[in-house]
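Residue-level structure breakdown
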Amino acid sequence: VHSAETKRTTEAMRAKFETDEAVKDKQLAELEAAKSEAESARSRNFLFGAIGIAILILIIALLYINRMRVQKRAEMLQVESDLRESRMKAIRSQLNPHFIFNALNSIQYLFYSGDKKTASQFMGDFANLMRNVLDMSSKAEVSIAEEQKMLSHYLDLEKMRMENAFDYSFQIDETLDAENVKLPTMLLQPYVENAVKHAFQGMKEGGKLTISIAKQRSSLHVQIEDNGVGLKAASSNDAEHKSFSTDANEERVRMINEGRKNAVGVEMIDLSDIGARTGTRVSITIPLA
């Protein structure tokens, strides 16, 4: 009996021990799994954190690089703008003395001819002209009305000097607001000067100069037309000479176009190529936007 009870007790103790061991093993396995999960979670969190920090650093770096690029681009544009403006001022400073020199020659001619009354009137017109030129030379753009006023003073002086060898007229579209619509300063004057100096050379009377300004869509269209000797004849008569004003204006047009999305266009036509009459037509297109 003792042996049977001992055996049962031993079996019971063994079963209890095995059960306890199984529970312990299970608890240990659960602890190990929990520990592993915790370590895995920590690793994931660290990885996500590292990735987040890396992305943040990358974004900051890209923003900084982009800002530096924009700043550098802005500085380059400012330098280019300053350079263009400097060159434009240099051209204007050259153009205006040349223009003044031509007008002074006209005054000198009258004094030499002994016509004091006309010379006095000429001096008054010249003073008004210089006031306009000085006012305009500091501006990048002027109104159509200002340009017309300056050109009228210039043409009156030249007409008086040439003893009314030519007449001039302006044809400005009535729908244009001449006081507010702008065009580049002294863009037209060199072409007008060429007409007077070259197209009418040798003429005693009958010269006609027409300056037309009209708006077509989003552009100003200017035509400076004369009935002079024509472009080819003027060039052949003075093959070695090319007007300083035209050279300066071509450079100005090129620089004006560097700062514009839509370019100013200039076309010169000998009217004998398109008809029976002689003369020259200068067509200038100036985008308003």
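Now for a description of the structure that goes with this document. (Residues numbered from 1 in each chain as written. Predicted model: local features only at pLDDT ≥ 70, side-chain atom pairs only at ≥ 80, totals over all residues. Heavy atoms only, no water.)

A look at the nonpolar core
With 46 residues, the main nonpolar core has L155, L188, V192, I224, I284 and I286 as its most contacted residues. Setting aside its immediate chain neighbours within four residues, I224 contacts L188, Y191, V192, L209, T210, I211, T280, R281, V282 and I284. (Core = buried A, V, L, I, M, F, W, Y, C linked by side-chain atoms within 4.5 Å. Buried < 20%, exposed > 50% of the residue type's maximum accessible area, 1.4 Å probe, protein only. Contact = heavy atoms within 4.5 Å.)

Topic: the sheet that holds strand β7 (residues 280-287)
Spatially, the 5 strands line up as an open sheet ordered β2-β4-β5-β7-β6, and their pairing is mixed. Where the open sheet ends on each side, the last strands, each with one partner, are β2 (166-172) and β6 (265-270). Looking at each pair of strands side by side, their axes are set apart by 10° on average, direction ignored. With 6 bridges joining them, β6 and β7 adopt antiparallel strand pairing. Bridging across to β7, G265 finds its partner in T285. Strand contacts of helix α3 (residues 144-161): β2, β4 (207-216) and β5 (219-226), with the helix running at about 170° to β2, the strand carrying the most contacts. Packed onto the sheet, helix α4 (residues 189-199) meets β2, β4, β5, β6 and β7 and runs at close to 10° relative to β5. (Pairing = 2+ DSSP bridges. Helix = DSSP H or I, 4+ residues; strand = E, 2+ residues; numbered from the N terminus. Axes fitted to C-alpha atoms, helices over the stretch in contact; angles between N-to-C directions.)

Concerning the pattern of salt bridges
Two side chains with opposite charge may pair up if their charged atoms get near one another. Using the criterion set out here, one finds 4 salt bridges in the structure. For the salt bridge of E225 with R281, the shortest nitrogen-to-oxygen distance reads 2.8 Å. Of the two residues, E225 is situated in strand β5 and R281 in strand β7; the sequence distance between them amounts to 56 residues. Both residues of the pair, E225 and R281, count as buried. (Salt bridge = Lys/Arg side-chain N within 4 Å of Asp/Glu carboxyl O.)

Notes on the packing of aromatic side chains
In the structure shown here, the tally under the stated rule is 2 aromatic pairs. Here F166 and F200 contribute two aromatic rings whose centre-to-centre distance is 5.2 Å and whose plane-to-plane angle is 20°, an arrangement assigned as stacked. Of this pair, F166 sits in strand β2 while F200 sits in the loop between α4 and β4, and the two are 34 residues apart along the sequence. One exposure class covers both F166 and F200, and it is buried. Residues Y168 and F170 carry aromatic rings whose centres are separated by 6.0 Å and whose planes lie at 85° to one another, so their mutual orientation is edge-to-face. (Phe/Tyr/Trp six-rings, centres within 6.5 Å; stacked < 30°, edge-to-face > 60°.)

Observations concerning the environment of M130
Inspection of the secondary structure puts M130 in helix α2 (residues 116-137). Residue M130 is classed as buried on the basis of its relative accessible area, which comes to 13%. Residues M130 and Y154 lie 24 residues apart in sequence; the distance between their C-alpha atoms is 9.6 Å.

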